[in-house]
Amino acid sequence: RSALYLTRYRCSGVGLALCRRLLEEDGRIHLCIACRNAQKSEATRDLILATHPAAQVSTVEVDLGNLASVLRVARELRCRFQRLDFVYLNAGIMPNPHVNFKALWHGLLTGKVLHMLTTAEGIMTQTDRLNGDGLQEVFATNLFGHFILIRQLESLLCSNEKPSRLIWTSSSNARESAFSLSDYQHAKGQESYSSSKYATDLTSVVLNRKFNKQGLYSSVVCPGLVMSNMTYRILPVFLWKLLMPIMWLIRFFAKTYTLTPYNGAEAHVWLFKQKPEYLDALVKYHSCTSGLGKSYVEPRKIDVDEETAEKFYQKLLELEKQALERYSDLLD
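Residues numbered from 1 in each chain as written. Predicted model: local features only at pLDDT ≥ 70, side-chain atom pairs only at ≥ 80, totals over all residues. Heavy atoms only, no water.

Identification of the chain as 3-keto-steroid reductase/17-beta-hydroxysteroid dehydrogenase 7 from Eudyptula minor is taken from an unreviewed UniProt entry. The annotation that UniProt attaches to the chain under Sequence similarities (unreviewed entry) is "Belongs to the short-chain dehydrogenases/reductases (SDR) family. ERG27 subfamily." The UniProt entry for the chain carries this comment under Subunit (unreviewed entry): "Binds to the short form of prolactin receptor." (UniProt positions renumbered as here; feature names shortened; annotations may be inferred.)

And the structure:
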């Protein structure tokens, strides 16, 4: 079996834990790490081989925020593989995150602070910008680049002897209130990350409707709050050091505080072992950890309107058509 893992800068944190855990589940799997930094992905490959020396681990270079790069890697993957069994869609960015301390204090006074700390609702803002393709950078990296890649890899994913799986990393921060069909790239707001993750949920729902009959199944997961490179950029390092004892304490009340990469990969690995035909397309699978450190998976209904999902999917297809016309020289 083959698994393609998509990341942004390097495969670390949840990504590295996931790769190792997948090989523990099935040492015969061919694992391909797709990353924008070739040196870092090779370094990750060496780390994995140090603990799994017999594993088949390869790498490809791709920037999910650059459409030309996505189209080139799709062509390379079509040459390398005859089929893909699993594609872990995990590349994501949260540029210039800021904590609204005033809102956090208000949440503390109104008793909503635990909800805010587990979903980041109302306390996290980001600033976004246009990328080289004229798209909002967060939307392009967190969703659209993945979407284009999937579309380009349909021959490796559909109509095979066994089902193929798409496993998207979503978030508990994926909220309908941050998303708008009229501004689906989130050019006008300050919650681009939340918008992109809600768009991920919408996309997964429609992909199941369109492709299940062709043997392609899509799922979304939430790794919970993991202390990763992305998390550490939200606050200065010294503040995290002060907060960590509190974070471990909160885990007794907030099961989504997975904290460690190993725990955060629980839902990804659980889905690896399931038969997709029996999964609910309208469920998000959350990695959870008990106060005593036991990891488990909790399914929760996705808060999506299927009509909105279909309209958004049509907008993605329109945007895809424009992109492919621009980069027609990179198509077979």
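Picking up after the structure, the text goes on.
Caption draft 1: View of empty space enclosed by the protein. Using the criterion set out here, one finds 1 cavity of 30 Å³ or more in the structure. In this model, the largest cavity occupies a volume close to 30 Å³. As for the largest cavity, its lining consists of Asp128, Val138, Phe139, Tyr184, Gln185, His186, Ser192, Ser195 and Ser196. For the lining of the largest cavity, the secondary structure elements donating two or more residues are α6 (137-152) and α8 (192-211). (1 Å grid on protein atoms, 1.4 Å probe; cavity = no way out; pocket = protein on both sides within 12 Å on 5 of 7 lines; lining within 4 Å. Points joined across faces, edges and corners; volume = space filled by probe spheres on them. Helix = DSSP H or I, 4+ residues; strand = E, 2+ residues; numbered from the N terminus.)

Caption draft 2: Spotlight on a nonpolar patch on the surface. On the surface, a nonpolar cluster with roughly 540 Å² of combined accessible area is contributed by Leu249, Phe252, Phe253 and Leu292. In this structure, Phe252 sits in the loop between α10 (237-250) and α11 (261-264). On the basis of relative accessibility, which here comes to 52%, the residue Phe252 falls in the exposed class. (Patch = residues over 30% accessible without salt bridge, like charges linked within 9 Å, V, L, I, M, F, W, Y side chains within 5 Å. Areas by Shrake-Rupley, 256 points an atom, 1.4 Å probe, with all protein chains shown as cover. Salt bridge = Lys/Arg side-chain N within 4 Å of Asp/Glu carboxyl O. Buried < 20%, exposed > 50% of the residue type's maximum accessible area, 1.4 Å probe, protein only.)

Caption draft 3: Quick look at the side chain of Asn208. Its location among the elements puts Asn208 in helix α8. With a relative accessible area of 4%, Asn208 lands in the buried category. Polar contacts involving the side chain of Asn208 include one to the main-chain carbonyl oxygen of Ser218, which spans 2.8 Å. Setting aside chain neighbours within four positions, we find Asn208 in contact with Leu216, Tyr217, Ser218 and Ala281. (Polar contact = N/O pair within 3.5 Å; in protein donor to acceptor, adjacent residues only side chain to side chain. Contact = heavy atoms within 4.5 Å.)

Caption draft 4: Region of interest: unusual backbone geometry. Unusually for a residue other than glycine, His186 sits at a positive phi of about 60 degrees. With respect to the secondary-structure elements, His186 resides in the loop between β7 (164-169) and α8. Given a relative accessible area of 8%, His186 falls into the buried group. Unusually for a residue other than glycine, Leu259 sits at a positive phi of about 70 degrees. Mapped onto the elements of the fold, Leu259 is located in the loop between α10 and α11.

Caption draft 5: Summary view of the environment of Leu47. Of note, Leu47 is situated in helix α2 (residues 38-51). Taking the C-alpha atoms as reference points, Leu47 and Arg20, separated by 27 residues in sequence, lie 9.5 Å from one another.

Caption draft 6: Geometry of the packing of α8 against helix α13 (residues 306-326). Here α8 crosses α13 at 90 degrees, and the two axes come no closer than 9 Å. On the basis of their axis angle, the class for α8 and α13 is roughly perpendicular. Residues Ala199, Leu202, Thr203, Val205, Val206, Leu207, Arg209, Lys210 and Phe211 of α8 form the contact with α13, whose participating residues are Glu306, Thr308, Ala309, Glu310, Phe312, Tyr313, Gln314 and Leu316. Of the residues that constitute the contact of α8 with α13, the class distribution is 10 nonpolar, 3 polar and 4 charged. (Axes fitted to C-alpha atoms, helices over the stretch in contact; angles between N-to-C directions. Parallel < 35°, antiparallel > 145°, perpendicular 65-115°, else oblique. Nonpolar A, V, L, I, M, F, W, Y, C, P; charged D, E, K, R; others polar.)

Caption draft 7: Structural view of the pattern of salt bridges. Counting across every chain of the model gives 19 salt bridges. One salt bridge connects Glu307 with Lys311, and the closest N-O pair in it is separated by 3.5 Å. Taken together, the residues span about one helical turn, with Glu307 and Lys311 both in helix α13 at a distance of 4 residues. Salt bridges sharing common partners tie together Arg209, Lys210, Glu306 and Glu310.

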